[in-house]
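Residue-level structural notes
So you can see what is in the structure, the chains are spelled out below.
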Amino acid sequence: MAATGSPRHTKPVPTVPGSSIPVLYKLVLTCASLAVLAIWLSRGPTLAEAIGDRQFDFILIWVLPIAFVARFLSFPLGKVTVSLDTPVFIAAIFHLGPLATALAVCSTMLVYGWMRMVRQMPPFMVAERPHLRFLRLLFSPMITACLALLCSDFVTQNWPMVPPVTEDFALVAARVIAVTVVFLAVQHVVILGSYAIEGQPIRTLLSETALPGWMAELAMIPVTIFFVWTLDRQDPIPFFVLGGSACVLADIFRRLANARARTLETIDQLEHLISTGEHVLAVLSPRQVLRALVDSIGNRIPDARHAMAGLWDDDDATKPCIISVRDRAGNIETDAELAGLQNALAERIRQNRPAMFTVRGEGENWAAMIVPLVVDGQPEGFIGVDLGLVPV
């Protein structure tokens, strides 16, 4: 699992205009990574030989699809964005050879980065000139691909692994842990360094990105071990089933994260609406508020005989509620007597739930329906409608 909120997704802080240090940092390291790849190619097998020996069709059919899906199903976890592609990359380091691994890593990250750049998503939301955006696009994929190539070259030279894996499981697990820690440590230091140079506080990067990212990566080490253990070119089904399960899990977390984000956005809107209402109540007099309420109710429910609204008045023992009424013609009466309604409300005072009841008037009874008007969790009054006359 690549906890990529910082290394690959963090929104950079704009640097001082004219500052060339971040650009030089990315340019030098990107060129150095390209140089390492070129040197390795000049000393090793050709591209066709290296990939052909590792069965190019196997990489295309089994490895790259899992890596792409895992990368595109990344989901936010706190301050970082998590994807499940690191186990796939580590498995490639142990089984596919240096060049095929670098190709898989670079192509996956480049396609994903290009998608984010086109959509102007972090870290491509800063207003940059095209060549600087292109450099930002290349930086992380080239660094990670070069690092994967070097790790895979080391594993191939020192710990050659021929599937199906027959070595002691504990030994394989220890090697996977060692390679994973080195791979992620170097990647995080180099890429986090670019954000630090761009102006992000180091303490913030460490506390909000590096630490959560490392916790997420360490939690997924058992999955990484099983990816390495199951990857077999002769029998790829176990690897594909494990990868598919991981992608399904990532999709579930991604959907939950999106739902949580939508919920938080709705809550923000409601809080803004509540604060606006509280501000209106604080600025306007109660009677002005009531006139606006009954006018709005009457416009929305034109068939109602009367629209009503009231605010509790704790200072008046005889009239517990200040009531405003609007008839069908649009006439509004504030401080309406409505003794029958006052008596009915006295029985239901401060009840924080809708109610329907009969109001006994002079010579006629009528049905009323009221809904509490709640402000800051407390019922401050009601809104309601006159549903019509009922038999005396």
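On a predicted model such as this, the values are computed, not experimentally measured, just so you know. (Residues numbered from 1 in each chain as written. Predicted model: local features only at pLDDT ≥ 70, side-chain atom pairs only at ≥ 80, totals over all residues. Heavy atoms only, no water.)

With that settled, the discussion passes to helix α7 (residues 169-197). Taking 1.5 Å of rise per residue, 29 residues should cover 42 Å, and α7 covers 42 Å from first to last C-alpha, within 8% of that figure. You can read the cap of α7 off the contacts: a side-chain oxygen lies 3.2 Å from the backbone nitrogen of Ala-170, and it is on Asp-168. Just downstream of α7 lies Gly-199, where phi reads positive at about 120 degrees. (Helix = DSSP H or I, 4+ residues; strand = E, 2+ residues; numbered from the N terminus. Expected span 1.5 Å × (residues − 1). Polar contact = N/O pair within 3.5 Å; in protein donor to acceptor, adjacent residues only side chain to side chain.)

Looking now at the packing of aromatic side chains. Throughout the structure, instances matching the rule amount to five aromatic pairs. Taking the centre distance of 6.1 Å and the plane angle of 55 degrees together, the rings of Tyr-25 and Phe-139 count as tilted. Of this pair, Tyr-25 sits in helix α1 (residues 21-43) while Phe-139 sits in helix α6 (residues 130-158), and the two are 114 residues apart along the sequence. Classification of Tyr-25 by relative accessible area gives partly exposed; the value is 23%. Take Phe-139: its relative accessible area is 2%, and that puts it in the buried class. Ring centres of Phe-169 and Phe-226 lie 5.9 Å apart, and the angle between their planes is 40 degrees; this geometry places the pair in the tilted category. With Phe-169 in helix α7 and Phe-226 in helix α9 (residues 221-230), this residue pair connects regions lying 57 residues apart in the sequence. Judged by relative accessible area, which is 37%, Phe-169 ranks as partly exposed. (Phe/Tyr/Trp six-rings, centres within 6.5 Å; stacked < 30°, edge-to-face > 60°. Buried < 20%, exposed > 50% of the residue type's maximum accessible area, 1.4 Å probe, protein only.)

Turning our eyes to something else, we now look at the side chain of Thr-101. By the secondary structure assignment, Thr-101 is in helix α5 (residues 98-118). Here Ala-92 takes part through its backbone oxygen, which lies 2.8 Å from a polar atom of the side chain of Thr-101. In this structure, Thr-101 is in contact with Phe-89, Ala-92, Ile-93, Leu-96, Ala-148 and Ser-152, ignoring residues within four places of it in sequence. (Contact = heavy atoms within 4.5 Å.)

Looking now at the confidence of the model for the chain. In this model, the chain carries an average pLDDT of 76, and 73% of its residues clear a pLDDT of 70 or more. In this model residues 1-18 is a low-confidence stretch, pLDDT under 50, and it forms 79 contacts with partners more than four residues away in sequence or in other chains. (pLDDT = per-residue confidence, 0-100.)

Attention now moves to the state of the cysteines. By definition, a disulfide links two cysteine residues through a covalent bond between their sulfur atoms. Tallied over the entire structure, the rule returns zero disulfides. In this structure Cys-151 is not part of a disulfide, and its nearest cysteine sulfur, from Cys-146, lies 9.5 Å away. What makes Cys-151 buried here is its relative accessible area of 11%. (Disulfide = S-S within 2.5 Å.)

Here the focus is α5. In a regular helix each residue adds 1.5 Å, so 21 residues correspond to 30 Å; α5 covers 30 Å between its end C-alpha atoms and thus fits that length. Most of α5 is tucked away, with 15 of its 21 residues classed as buried.

What follows deals with the environment of Pro-238. Tracing the chain through its elements places Pro-238 in helix α10 (residues 237-283). For Pro-238, a relative accessible area of 35% corresponds to the partly exposed category. C-alpha of Pro-238 to C-alpha of Phe-226: the two residues are 12 residues apart in sequence and 9.8 Å apart in space.

A cluster of nonpolar side chains, contributed by Val-248, Leu-249, Ile-252, Phe-253 and Leu-256, occupies part of the molecular surface with about 460 Å² of accessible area. Relative to the elements of secondary structure, Ile-252 occurs in helix α10. Exposure remark for Ile-252: the relative accessible area of 44% places this residue in the partly exposed category. (Patch = residues over 30% accessible without salt bridge, like charges linked within 9 Å, V, L, I, M, F, W, Y side chains within 5 Å. Areas by Shrake-Rupley, 256 points an atom, 1.4 Å probe, with all protein chains shown as cover. Salt bridge = Lys/Arg side-chain N within 4 Å of Asp/Glu carboxyl O.)

Counting buried residues along strand β5 (residues 321-327), six of its seven residues qualify, which places the element largely inside the surrounding structure. As paired strands, strand β4 (residues 306-312) and β5 are joined by seven bridges and run antiparallel to one another. Residue pairing for β5: His-306 is matched across the bridge by Asp-327. In the sheet, β5 pairs with strand β6 (residues 332-334) via three bridges, with the strands oriented antiparallel. Residue pairing in the sheet places Ser-324 in a bridge with Thr-334 of β6. Where β5 folds back on β6, the antiparallel hairpin that results is connected by four residues, among which Gly-330 adopts a positive phi of roughly 95 degrees. (Pairing = 2+ DSSP bridges.)

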